[in-house]
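Structural description and commentary
Here is how the chains run, residue by residue.
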Amino acid sequence: MCGQNRKGLRHIEDMKRFFIIFLFVILTASIIVVWSFSYFSSHEEAHIVNTKISESSHIPSEKGVFDRSSFALEYSIMPLDQEHQRDLKTYYENRAFYGAPPSIPHPVFEGSIGAKECLKCHENGGFVEKFNAYTPVSPHPDKLNCVQCHVQVKTNELFSPSSFTSNSAPSLKNQALLGSPPIIPHQIQLRENCLSCHAGSSAVKEIRTSHPNRINCRQCHVINEKKIADIGIFKRDIKQ
Ligand code: HEC
Ligand code: HEC
Ligand code: HEC
Ligand code: HEC
């Protein structure tokens, strides 16, 4: 009886000892973990939050303004080729009316919608020896079906007589004060990407900007919000 009791007591003491050793091990382990965590975190590099302008930080309707902005600095140091500049007169002459898609003034291979065939020159522009001109950069390289809107002029005759008179282009230098930014006199649809027309060698000389590097054009230039007059029901006025 007595021997059995002593055995039981020893068993309980063993359990206690194990429990104390177990606690000691846990404590040592946690000291090692906490210490090494704080030691290694003190060796970390200083961390700066990524402040790069992300895609989503643009106002969606103004996103197009930034499409060619990675070329802004190149545009501002590009040497000017005085010999081969376009002017507003030839720019307007190549359009059926103000705002119409320009016609294709050079020979093209017909049989495709355009896309890559046209964008190999019109995406980034550049001088083309055989046409002796700089390629105007497409303001809408995402619109791939070029020939849906741009065609070659095949005839100068009218299909049928009409009373159509072309609308005229707005005037330039519409500024509140001398030296303040002129308003954007044109619509923005298909013209979201300002640098494609206002910078570089292919830009029309009267509207080439002196500051392509300012990038956020619409921060200073505002759109002409003038309401368009309602003309009522449109009637064709063709003399039979
Ligand atoms: C080999 C390069 C090249 C290719 C390919 C090319 N173009 Fe052109 N494009 C030019 C050049 C250079 C001009 C300027 C011509 C001038 O001013 O006389 C031009 C002018 C134009 C213009 C007139 C722009 C304006 O503001 O008056 C349109 C529109 C045009 N191209 C559309 C097209 C389409 C559509 C295609 C594809 C079917 C195409 N181009 C393929 C080089 C090219
Ligand atoms: C939905 C119709 C549409 C499609 C598709 C289209 N364009 Fe245009 N494009 C226009 C209009 C409208 C303008 C005139 C903008 C203006 O001058 O007011 C224009 C202007 C241009 C200009 C003149 C820029 C300048 O500085 O004179 C070029 C070059 C051009 N487009 C090339 C292309 C090419 C290349 C494609 C195909 C990859 C294409 N476009 C597809 C409607 C279109
Ligand atoms: C398709 C080519 C094209 C694109 C793209 C374009 N513009 Fe223009 N811009 C013109 C032409 C051409 C004129 C001359 C007036 C006219 O014909 O509407 C002009 C005139 C202007 C003027 C008036 C300049 C003056 O001296 O009074 C400002 C400012 C202007 N644009 C700003 C912009 C801004 C900002 C953007 C981008 C949101 C833009 N443009 C996109 C072709 C373009
Ligand atoms: C910080 C304000 C500001 C920003 C941003 C800005 N502009 Fe201007 N811009 C002006 C002022 C001011 C003038 C008038 C300069 C003068 O009359 O001497 C002007 C004039 C112009 C003109 C008339 C021609 C000229 O250069 O004088 C055009 C075209 C033009 N800006 C286009 C642009 C385009 C395209 C962008 C974007 C790349 C842009 N601007 C960004 C303030 C700005």
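Described in the following lines is the structure provided in the data block. Remember, it's a predicted structure, so these values are computed and weren't measured experimentally.

Rules of the game
Residues numbered from 1 in each chain as written. Chains lettered and ligands numbered in written order. Predicted model: local features only at pLDDT ≥ 70, side-chain atom pairs only at ≥ 80, totals over all residues. Heavy atoms only, no water. Near = heavy atom within 4 Å. Polar contact = N/O pair within 3.5 Å; in protein donor to acceptor, adjacent residues only side chain to side chain. Helix = DSSP H or I, 4+ residues; strand = E, 2+ residues; numbered from the N terminus. Nonpolar A, V, L, I, M, F, W, Y, C, P; charged D, E, K, R; others polar. Patch = residues over 30% accessible without salt bridge, like charges linked within 9 Å, V, L, I, M, F, W, Y side chains within 5 Å. Areas by Shrake-Rupley, 256 points an atom, 1.4 Å probe, with all protein chains shown as cover. Salt bridge = Lys/Arg side-chain N within 4 Å of Asp/Glu carboxyl O. Donors = N, O, S within 2.8 Å, 3.2 Å for Na, K, Ca; no water. Tetrahedral: all angles 85-135°; square planar, octahedral: opposite > 155°, others 65-115°.

1. Some thoughts on the site of ligand 1
Near ligand 1 there are 22 residues, and of these Asn94, His106, Cys118, Cys121 and His122 occur at the shortest range. Between an oxygen atom of ligand 1 and a side-chain N or O atom of Asn94, the distance comes to 2.8 Å. Between His106 and ligand 1, the recorded distance is 2.8 Å, taken from a side-chain N or O atom to a nitrogen atom. Of all the elements in the fold, those that place two or more residues in the shell around ligand 1 are α4 (116-122) and β2 (133-135). Within the shell around ligand 1, the residues separate by chemical class into twelve nonpolar, six polar and four charged.

2. Some remarks on a nonpolar patch on the surface
A cluster of nonpolar side chains, contributed by Phe19, Ile20, Phe22, Leu23 and Ile26, occupies part of the molecular surface with about 530 Å² of accessible area. Inspection of the secondary structure puts Leu23 in helix α1 (residues 2-41).

3. Brief notes about the coordination of the iron atom of ligand 4
Bound to the iron atom of ligand 4 on the protein side are His211 (NE2) and His221 (NE2), at distances that span 2.0 Å. The site at the iron atom of ligand 4 holds six donor atoms, and with the angles between them running 87 to 179 degrees, its shape is octahedral. Of this pair, His211 sits in the segment after α5 (194-198) while His221 sits in the segment after α5; the two residues are ten residues apart in sequence, bridging distant segments of the chain.

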